[in-house]
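# Architecture at a glance
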Amino acid sequence: QIGRERALSMFFDEFYKRFFEVNPSGKRLFEEGGMTVQSKALVKMMSMIVRSIDQNTATLDDMLSRLGGRHEIYGVSASDYVAFANAMCDTFEVVLAKHCETVELRDAWYKLLVELSCKMQSAGKQIKEKPLTCTL
């Protein structure tokens, strides 16, 4: 377990380094919770996405809708989503270069991340257009 946690930590350290290199303004999104909390949340989310892709698309769609809504509230922009996808794929390419065909892996992940980003952004726009109301 410790080896897995260390490997994930190293992966996401590399990812965030790359993300902030291509998108310095992205730092504005992480001030509140801190990077340790965010890295753990991203590991959990990516794991859930991978598990849900072929098995339960309804659960995945619901999760992406909720996540997209939260990202809209946080102020995540379209360029942030693009920077995320590029940084994630660059990280895969660097970290996993010895273990797979990186061009094929990069293309597959990029397509998946773009599709997921589109679903999240669509959900975020719906939240923006229909603000939540509370009645007592």
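Residues numbered from 1 in each chain as written. Predicted model: local features only at pLDDT ≥ 70, side-chain atom pairs only at ≥ 80, totals over all residues. Heavy atoms only, no water.

### Description of the overall build of the protein chain
Heads up, the condition is: The helix count covers DSSP runs of H or I at least four residues long, the strand count covers runs of E at least two residues long, and both are numbered beginning at the N terminus. Contacts were defined at the residue level, with two residues in contact if any of their heavy atoms lie within 4.5 Å. In short, Shrake-Rupley with a 1.4 Å probe defines the accessible areas, and a residue's cover is counted only from the protein chains shown.
Regarding its fold elements, the protein chain presents 5 helices and 0 strands. The order of α-helices and β-strands along the protein chain, N terminus first, is α-α-α-α-α. Contacts spanning at least 24 positions in sequence make up 69% of the contacts within the protein chain whose residues lie at least 6 apart. About 9,300 Å² of surface is accessible on the protein chain, with carbon and sulfur atoms providing 56% of the total.

### Thoughts on helix 2 (residues 35-52)
Threshold: Multiply 1.5 Å by the residue count of a helix minus one, and that product is the helix's expected span. Think of it in three bands: residues with accessible area under 20% of the maximum for their type are buried, residues over 50% are exposed, and the middle band is partly exposed, with areas taken using a 1.4 Å probe on protein chains only.
Here helix 2 is 18 residues long and its end C-alpha atoms lie 25 Å apart, about the 26 Å a rise of 1.5 Å per residue gives. Residues of helix 2 that are buried include every one of Ser39, Leu42, Val43, Met45, Met46, Ile49 and Ser52, and no others.

### So, the packing of aromatic side chains
Let me state the cut-off plainly: Stacked, edge-to-face and tilted labels apply to pairs of Phe, Tyr and Trp rings (six-membered ring for Trp) whose centres lie within 6.5 Å, assigned for plane angles under 30 degrees, over 60, and everything in between, in that order. Think of it as a cone above the ring: NZ of Lys or CZ of Arg counts as a charge over the ring if it is within 6 Å of the ring centre and within 35 degrees of the ring normal.
One pass over the structure, following the stated rule, counts 12 aromatic pairs. Arranged with centres 6.0 Å apart and planes meeting at 25°, the rings of Tyr16 and Phe20 form a pair that is stacked. Placement of the pair is Tyr16 and Phe20 together in helix 1 (residues 2-22), with a separation of 4 residues, close to one helical turn. When sorted by exposure, Tyr16 lands in the same class as Phe20, which is buried. Relative to Phe30, the ring of Phe20 lies with its centre 5.6 Å away and its plane at 80°, an arrangement referred to as edge-to-face. Placement of Phe20 in helix 1 and of Phe30 in the loop between helix 1 and helix 2 is noted, with a sequence separation of 10 residues between them. For Phe20, a relative accessible area of 16% corresponds to the buried category. The class for Phe30 is buried, based on a relative accessible area of 15%. Every member of this aromatic cluster is reached through a ring pair, and the members are Phe11, Phe12, Phe15, Tyr16, Phe19, Phe20, Phe30, Phe84, Phe92 and Trp109. Here Lys27 stacks its cationic end above the ring of Phe20, 5.7 Å away from the centre of that ring.

### Brief notes about the environment of Leu60
Residue placement: Leu60 occurs in helix 3 (residues 57-74). Using a relative accessible area of 6% as the deciding quantity, one classes Leu60 as buried. Separated by 12 residues in the primary sequence, Leu60 and Met48 place their C-alpha atoms 8.1 Å from one another. Look past the residues within four positions of Leu60 in its chain and what remains in contact with it is Ile49, Ser52 and Ile53.

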